[in-house]
Structures are given as structure tokens and as C-alpha cells.
Amino acid sequence: QVQLVESGGGLVQAGGSLRLSCAASGSIFNINAMGWYRQAPGKQRELVATITTGGSTNYADSVKGRFTISRDNAKNTMYMQMNSLKPEDTAVYYCSADRYGFRSWGRGTQVTVSS
């Protein structure tokens, strides 16, 4: 199994920036796509961004141009740089990793953007 630990969340004012990290450990061989998802109170979990082993990326329309996902395969760590944050970005952010058709999840990190 893959263990994932997120870090970097916090409280920031609108327009500010945060950088999330996701450290993978355990059975990390052959991890394929990794991603960031978020869940706001009372809402379903939604895709924020994904990145493949080769570096191909995909973003939700709501974060395009503001968030950047990246991955350091040597360090088994994924990042997401979040700029120009908005109050509607407030949510718990979860890291995911896909391996042999199975998706692992981290426990999440809270991001709160004040207006």
C-alpha cells in the first residue's frame, strides 16, 4: 500500500499563496498518476489537478492559471503551488496516488482563505 501525508495548509488572506506537499511512502514503485482533490463543507470532493509520472498535467477550470501541480519522482513528493487564492478555495485538500488501478488517499490538509 501507498501512504500519503499532506502538509502546507493553513490560513491565508485572499490573494495570497500557499504551497502544498504530499509525501509518498510504502509501496511507491509503479505509482502512476497523482492528484489533488478538495472538499468544502457540505460539498462533494472535487478534482483540483492531476499529474502523471511523465509530467502531463490536468486542472479544474476553477484553478487554471492560479495553481501549479508538480512532482519530484526522486523524492516521492508531489506539490501544488496555489497563487491568487480566493475564499471559494477554502476546503480540505487531499492527495491521491493511483497504482495498479487502486487509488490511495492522504488524510488531508485544511486550507482556509479569508476575504
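Preceding this paragraph is the structure being described.
Let me sum up the structure you'll find in this document. A quick note: this is a predicted structure, and the numbers were derived from the prediction, not measured.

Criteria and thresholds
- Residues numbered from 1 in each chain as written.
- Predicted model: local features only at pLDDT ≥ 70, side-chain atom pairs only at ≥ 80, totals over all residues.
- Heavy atoms only, no water.
- Phe/Tyr/Trp six-rings, centres within 6.5 Å; stacked < 30°, edge-to-face > 60°.
- Helix = DSSP H or I, 4+ residues; strand = E, 2+ residues; numbered from the N terminus.
- Buried < 20%, exposed > 50% of the residue type's maximum accessible area, 1.4 Å probe, protein only.
- Lys NZ or Arg CZ within 6 Å of the ring centre and 35° of its normal.
- Pairing = 2+ DSSP bridges.
- Axes fitted to C-alpha atoms, helices over the stretch in contact; angles between N-to-C directions.

1. Considerations on the packing of aromatic side chains
(1) Moving on: Scanning the model with the defined rule gives one aromatic pair in all.
(2) Moving on: Seen from their ring centres, Tyr37 and Trp105 are 5.0 Å apart, and the 70° between their planes marks the pair as edge-to-face. In this pair, Tyr37 sits in strand β4 (residues 34–39) while Trp105 sits in strand β10 (residues 102–105), placing the two residues 68 residues apart along the sequence.
(3) Moving on: Trp105 gets classed as partly exposed once you look at its relative accessible area, which sits at 35%.
(4) Moving on: The aromatic ring of Tyr79 is capped on one face by Arg19, whose charged end is 4.1 Å from the ring centroid.
(5) Moving on: Directly above the aromatic system of Tyr94 lies the positively charged group of Arg45, at a separation of 3.7 Å from the ring centroid.

2. Digging into the sheet that holds strand β1 (residues 2–7)
To summarise the sheet geometry, strands pair through backbone hydrogen bonds and adopt either a parallel or an antiparallel arrangement.
(1) Moving on: Read from one edge to the other, the open sheet built from four strands follows the order β1-β3-β8-β7, with strand pairing classed as antiparallel. Here the strands that pair on one side only, and so sit at the sheet edges, are β1 and β7 (67–72). Here the average twist between neighbouring strands, direction ignored, is 15°.
(2) Moving on: Two elements, β7 and strand β8 (residues 77–82), share six bridges in a ladder whose sense is antiparallel. Within the sheet, the bridge partner assigned to Ile69 lies in β8 and is Met80.

The values are spatial; any link to function lies outside them.
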